[in-house]
Amino acid sequence: MLLEIKNLKVSVDGNTILHGLNLNVGKGETHVLMGPNGAGKSTLVNTIMGHPEYKVDEGSIIFDGKDITHLPANERAKAGLFLSFQNPEEVPGVTLENFMRTSRMAITGKPVKLFAYKKELKEKMAELNMNDGYAERYLNVGFSGGEKKKSEILQMLMLNPKLAILDETDSGLDVDAVKIVSQGINQYKNKDNSLLIITHSAKILESLKVDYVHVLVDGKIVKTGGSELVGEIGRNGFQKIAAAAV
Amino acid sequence: MEKKKTMVKDIDRTIYDIKDKVHPSYEVKEGLTPEIVEEISKTKNDPKWMHDFRLKSLEIYNNLKVPDWGPSLDGLNMNDIVTYIRPDTPMRGNWAQVPDDIKNTFERLGIPEAERKSLAGVGAQYDSEVVYHNVREEVRRQGVVYTDMESAIRDPQYGSMVRDHFMKLVPPTDHKFAALHGAVWSGGSFVYVPPHVKVEIPLQSYFRLNAPGAGQFEHTLIILGEGADLHFIEGCSAPKYNVANLHAGCVELYVAKNAHLRYSTIENWSKNMYNLNTKRALVEEGGNMEWVSGSFGSHVSYLYPMSILNGENSRMEFTGITFAGKGQNLDTGAKVVHAAPHTYSDISTKSISKDGGTCTYRSSVVILPQAYGCKSSVNCESLMLDDRSRSDTIPVMDIQNDDVDVGHEAKIGRISDDAIFYLMSRGMSEEDARAMIVTGFAEPIAKELPVEYAVEMNNLIKLEMEGAIG
C-alpha cells in the first residue's frame, strides 16, 4: 500500500472536520474523491501534505511504509508526495524556473544540471501549451486561473512524485484547458505511481482510468466504488448517496 | 503538528568587523570647538574662503537644534566624537604604495578587484582622508575629472567650480548635521564630466571608518555637463565598536540639461553608527537622475536623498531597500521637488525589519504651482519578519496645482503561513522557504544594484535566514 490513512481525526482552530477517516491508495492506482462543499476534502489533502494549521487529533498517515503523520511538509515532499494546490500562492521575485530548480534540488538532494533541466522544462511547458515566457515570470504572479493550474501540473511533471494529489485542479478551467491538463495527468501516470483526484466534474476523468471513487460527506467516507459511482453522483447528488449509505 | 518558529540570524559582518590597529598620524581632540575647527582648517591648508566657511558653519551648528522628529539621537554626544583623524599615509594613485593594513582592509572589501574588473575609477577613504584615488587613462583622456575634494579645491582649473557649487545645494543652514558637515568636512570625491561625454563604466568611491568614537564627514560633489552620462557608486562600512560613531556626509549632484546620472549606494555601517547623511541633486531640463540606495547597516539612519527637478521634462527615479535588524532604527526615504512643468518622479522602496528592528519610510513630494503636467508615483512596501519588529510609513505630499498625476501605494505585510507551506510542499525547509520569500521580495531592487552588490545582498539575506529553529 502506498498511502494508508487510519482513523484520521483532524481539527482546525478547535473545530473537528474529519471524524475518523480511512483511505488506502495502492501503487499504480487512481482514486477520485468527491463530496459536497465543506465535506472536508481540502482538509484531508492539506493534512496529508502537512499544513501546520490542520491538527491531527487521532489516527495516522502511513506513506510508502513510513509514518508521516507528524513530519513537516518538506519531508513529505521528499518522500514522494505532491499536492497540486487549488489556489497556489503567488511568490513575487522568484521565477518559476528558479523555483522549480530549487524544488528539485531540495527533493532529490542532488545538484541539477542547468542545461538539461532547462531543456526538459521547455519541453514540458510546450506539452502543456504554456508560453516559454512563463519560466522567467515570478511564480504565479499575475497568472490567470488556468495558467496557475497548468503551472501546478508542470511542477508535478518535473518532480515526478510517487503520489500526486490534485485538489480541484480542473475547477475554473475552460474546456480546452481541461483537455490540456488531463493530457498532462496522463503523461505523468504510469503503472508505479498513483493519483488522488479531487473534483466536482466528470470531465477531467473521461480520459483517465479510474480505479476507485470515494464519496466524502461530513468528514467521513460514506461510500467507495468504481468509476460508475461518478455517474451515480451526477444523477442523484451526494445527499442521496450519503442517506443510502447510513 | 506543532508549529515551529524560525529564528532569523543577524547579518554576518565578519568581513566588515575586522578592525585595523588605530595608529593615525594625526587627530584632533574629541568634541567641537572653534579651536578644533581652526585646527582642521589649518592642517588641511584650506584656502581662506573655506576657512571662513567652516567657522561660519560652526556658528550655524551651534544655533540649530538636534532634530526631534525622527529616531532618537540621545546616544550621540558630540563632545565624545573625534571629528578629524588622518591616516598615516598620503593619498596614493597606486595600491602598492598604500600601507599594508589599510590596503588589506580594502582588499577584503573587494575594492581593488572591482577596480580591475568593472570600474573606471576608484577613490578610497580611510577615516578622514582619501588614501587612494585613481581613474583609468582612457576616462581621463575624455576630460573626466575624478579626484579627492582637497585636490579639487586647490586645483587651478576646477577650484573655482568647486567654490561655486560647494554646499550651495545643501547649505549649512539646512539642518544641524549639514552645518556640522560644513564645519568639519574632510575627504570625499569630486567628479566633473564634460558636456556630451559618456562614461561607459562606473566610478566608485568607498568610505571606510576604522577608528572608534570617530566621525566621517566626506563631501561628494559631482557635476555633469550638458548631455553627460555617469554611473557613480558609493560604498561605506565600518567595524563595530561599543562607542557611538557618526557619519554626516554630504552629497551634491548637479545634473545639467539632458545629462544622466545614476548614483548607487550600498551602506553597511556597523550598528554603533549614527548615519545622518544628506544627499541632494539638482536636475535641469531633460536631465535624468536615478538613485539606487541600499541601507543595511548603522544603529540609526536619517537618509532621504532629494531631487530638485528644476528644468522642464526632467526626471528622477529612486529605488531603495532598507533592512533593519536588532538594535537598528532606520528612517529612510526620498524627497522630490517638482519645480518645472512636465517633470516626472518615481519613488519605489522596500523595507525588511526583523528581530526588533524598526524601518520607517518617510518621503516628501512637493509639486510647485508652476510645475503643471507633472507625474509622480510613490510605492513603498514593507515586510516584517516577526512580531517584535516595526514598520512605519510616513509619506507627505504637497501638491500646489491641479494639472498633475500623482499616485501613492503603500503595503505593509508579513510572510504568510500559506506561502511557507506552499514552498515547503515543494521540498524546501522552512528556513529556505522564508529566505526565498524575502529574497524574492527584495529582487526588484536587487536587480538595480551593481551586480557584485546584488550578489552580496542576496548572500546577506541567505545568511540571515539560515536559522536555528527553536
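Quantities reported herein were computed from a predicted structural model and do not represent experimental measurements.

Calculation criteria
- Residues numbered from 1 in each chain as written.
- Chains lettered and ligands numbered in written order.
- Predicted model: local features only at pLDDT ≥ 70, side-chain atom pairs only at ≥ 80, totals over all residues.
- Helix = DSSP H or I, 4+ residues; strand = E, 2+ residues; numbered from the N terminus.
- Rg over C-alpha atoms; globule rule 2.2 N^0.38 Å.
- Buried ≥ 20, exposed ≤ 12 C-beta atoms within 10 Å, placed from the backbone.
- Contact = placed C-beta atoms within 7 Å.
- Pairing = 2+ DSSP bridges.
- Axes fitted to C-alpha atoms, helices over the stretch in contact; angles between N-to-C directions.
- Nonpolar A, V, L, I, M, F, W, Y, C, P; charged D, E, K, R; others polar.
- Expected span 1.5 Å × (residues − 1).
- pLDDT = per-residue confidence, 0-100.
- Parallel < 35°, antiparallel > 145°, perpendicular 65-115°, else oblique.
- Left-handed = near helix turned anticlockwise from the far one by under 90°.
- Core = buried A, V, L, I, M, F, W, Y, C linked by C-beta atoms within 7 Å.

Q: Give a detailed account of the overall build of chain B, specifying residues and quantitative values.
A: From N to C terminus, chain B includes 12 helices and 25 strands. The C-alpha radius of gyration of chain B comes to 22 Å, within 12% of the 23 Å expected for a compact globule of 470 residues. Counting only C-alpha atoms and orienting by the principal axes, one finds that chain B spans roughly 75 × 60 × 45 Å. The buried share among the 470 residues of chain B stands at 55%. The contacts of chain B with a sequence gap of at least 6 include a subset with a gap of at least 24, amounting to 82%.

Q: I'd like to hear about the overall build of chain A, residue by residue, with values.
A: Helices and strands together make up the secondary structure of chain A, namely 8 helices and 12 strands. In terms of overall dimensions, chain A is globule-like: its C-alpha atoms have a radius of gyration of 18 Å, near the 18 Å expected for 246 residues. Each of the three principal axes of chain A carries a C-alpha extent, and together these read 55 × 40 × 35 Å.

Q: Talk me through the sheet that holds strand β3 (residues 30-34) of chain A; I want residue IDs and the actual numbers.
A: Residues and elements named next belong to chain A. Spatially, the 6 strands line up as an open sheet ordered β6-β9-β10-β3-β11-β12, and their pairing is mixed. The strands lining the two open edges of the sheet, one partner per strand, are β6 (81-84) and β12 (220-225). Taken pair by pair, the neighbouring strands of this sheet meet at an average axis angle of 20°, ignoring direction.

Q: Account for the interface of chain A and chain B, naming residues and giving values.
A: Many descriptions give the size of an interface as the accessible area lost when the pieces come together. Contacts between the two partners involve 24 residues from chain A, matched on the other side by 23 residues from chain B. For the side of chain A that touches chain B, the secondary-structure elements that each account for two or more residues are α2 (73-79), β7 (91-95) and α3 (96-108) of chain A. Residue composition of the side of chain A that touches chain B, grouped by class: 13 nonpolar, 8 polar and 3 charged.

Q: Could you give an account of the environment of Lys176(B), with specific residues and numbers?
A: Residues and elements named next belong to chain B. Structurally, Lys 176 is set in helix α9 (residues 176-184). Through-space distance from the C-alpha of Lys 176 to that of Leu 276 is 10.0 Å; in sequence the pair is 100 residues apart. Ignoring anything within four residues of it in the chain, the contact list for Lys 176 reads Tyr 61, Leu 64, Lys 65, Val 66 and Pro 67.

Q: Tell me about the sheet that holds strand β16 (residues 288-295) of chain B, residues and numbers included.
A: Residues and elements named next belong to chain B. Taken together, 10 strands build an open sheet; the order of strands is β4-β3-β7-β10-β13-β16-β19-β21-β23-β25 and the sheet is mixed. In this open sheet, the two strands that pair with only one neighbour each are β4 (129-135) and β25 (404-414). Taken pair by pair, the neighbouring strands of this sheet meet at an average axis angle of 5°, ignoring direction. Sheet topology places strand β10 (residues 229-237) next to strand β13 (residues 260-268); 9 bridges connect them, and they run parallel. Opposite Phe 232, over in β13, you have Tyr 263 as the bridge partner.

Q: How would you explain unusual backbone geometry if you had to name every residue and give the values?
A: Backbone geometry at Asn7(A) places phi at a positive 45°, although glycine is not the residue there. Tracing the backbone through its elements, the reader meets Asn7(A) in strand β1 (residues 3-12). In this structure, Asn45(B) takes a positive phi of about 55° despite not being glycine. Here Asn45(B) is to be found in the loop between α2 (34-43) and α3 (48-63). Judged by the 11 C-beta atoms lying within 10 Å of it, Asn45(B) is exposed.

Q: Run through α3(B), naming residues and quoting values.
A: Given a rise of 1.5 Å per residue, 16 residues ought to cover 22 Å, and the 23 Å separating the end C-alpha atoms of α3(B) matches this to within 8%. For α3(B), the secondary structure elements touched by its buried residues are α2, α7 (149-154) and α9 of chain B.

Q: Which residues make up the confidence of the model for chain B, and what values go with them?
A: Residue and element names in this part refer to chain B. Mean pLDDT over chain B: 91, with 95% of residues reaching 70 or higher. Under a pLDDT of 50 for its full length, residues 1-9 has, in the predicted model, 25 contacts with residues more than four places off or in other chains. The ipTM for the predicted assembly is 0.97, set against a pTM of 0.85.

Q: Explain the packing of α3(B) against α9(B) to me, using residue names and the numbers behind them.
A: Residues and elements named next belong to chain B. At a minimum axis distance of 7 Å, the contact between α3 and α9 shows a crossing angle of 155°. As far as their axial angle goes, α9 and α3 are roughly antiparallel. Crossing of α3 against α9: the hand is left-handed. Between α3, through Phe 53, Arg 54, Ser 57, Leu 58, Ile 60 and Tyr 61, and α9, the contact on the second element is made entirely by Lys 176, Ala 179, Leu 180, Gly 182 and Ala 183. Among the residues forming the contact of α3 with α9, the class breakdown is 7 nonpolar, 2 polar and 2 charged.

Q: Tell me about the environment of Pro111(A), and name the residues and values.
A: All names here are of chain A. Structurally, Pro 111 can be placed in the loop between α3 and α4 (114-127). By C-beta crowding, Pro 111 is classed as exposed, having 9 other C-beta atoms within 10 Å. When the C-alpha positions of Pro 111 and Ile 233 are compared, they lie 47 Å apart, and in sequence the two are 122 residues distant.

Q: Just give me the short version of the environment of Phe85(A), but keep the residues and values in it.
A: Tracing the backbone shows Phe85(A) in the loop between β6 and β7. Separated by 82 residues in sequence, Phe85(A) and Asp167(A) place their C-alpha atoms 5.7 Å apart. In this view, Phe85(A) contacts Glu152(A), Asp167(A) and Tyr422(B); residues no more than four positions away in its chain are not counted.

Q: Account for the nonpolar core, with residues named and values stated.
A: Residue and element names in this part refer to chain B. Among the nonpolar cores identified, the biggest contains 205 residues, and Leu 224, Val 255 and Leu 261 are the most heavily contacted of them. Of the residues forming this core, the biggest block, 9 residues, is contributed by helix α11 (residues 430-446). Other than its neighbours up to four places away in sequence, Leu 224 contacts Val 193, Leu 230, Tyr 254, Val 255, Ala 256, Ala 259 and Leu 261.

Q: How would you explain the packing of helix α5 (residues 145-159) of chain A against helix α6 (residues 175-188) of chain A if you had to name every residue and give the values?
A: All names here are of chain A. Packing of α5 against α6 brings their axes to within 10 Å, and their N-to-C directions diverge by 10°. On the basis of the axis angle, α5 is roughly parallel to α6. Contacts between α5 and α6 involve Gly 146, Lys 149, Lys 150, Ile 153, Met 156 and Leu 157 from the former and Ala 177, Ile 180, Val 181, Gly 184, Ile 185, Gln 187 and Tyr 188 from the latter. Broken down by class, the residue content of the contact of α5 with α6 amounts to 8 nonpolar, 3 polar and 2 charged.

Q: Which residues make up the pairing of strand β9 (residues 163-167) of chain A, and what values do they have?
A: Residue and element names in this part refer to chain A. By the criterion of burial, β9 is predominantly enclosed, with 5 of the 5 residues buried. Burial along β9 is two-sided: the residues Leu 163, Ile 165 and Asp 167 and Ala 164 and Leu 166 are all buried. Relative to β9, β6 runs parallel, the two sharing 4 bridges. The residue bridging Ser 84 from the neighbouring strand is Leu 166, located in β9. Sheet topology note: the β9/strand β10 (residues 194-198) ladder contains 5 bridges and is parallel. Along β10, the bridge assignment pairs Leu 163 with Ser 194.

Q: I'd like to hear about the pairing of strand β9 (residues 219-224) of chain B, residue by residue, with values.
A: All names here are of chain B. Most of β9 is tucked away, with 6 of its 6 residues classed as buried. In β9, alternate side chains face the same way, and those of His 219, Leu 221 and Ile 223 on one face and Thr 220, Ile 222 and Leu 224 on the other are all buried. Of the pairings in the sheet, the one linking strand β6 (residues 189-193) to β9 comprises 4 bridges and is parallel in character. The residue bridging Val 193 from the neighbouring strand is Leu 224, located in β9.

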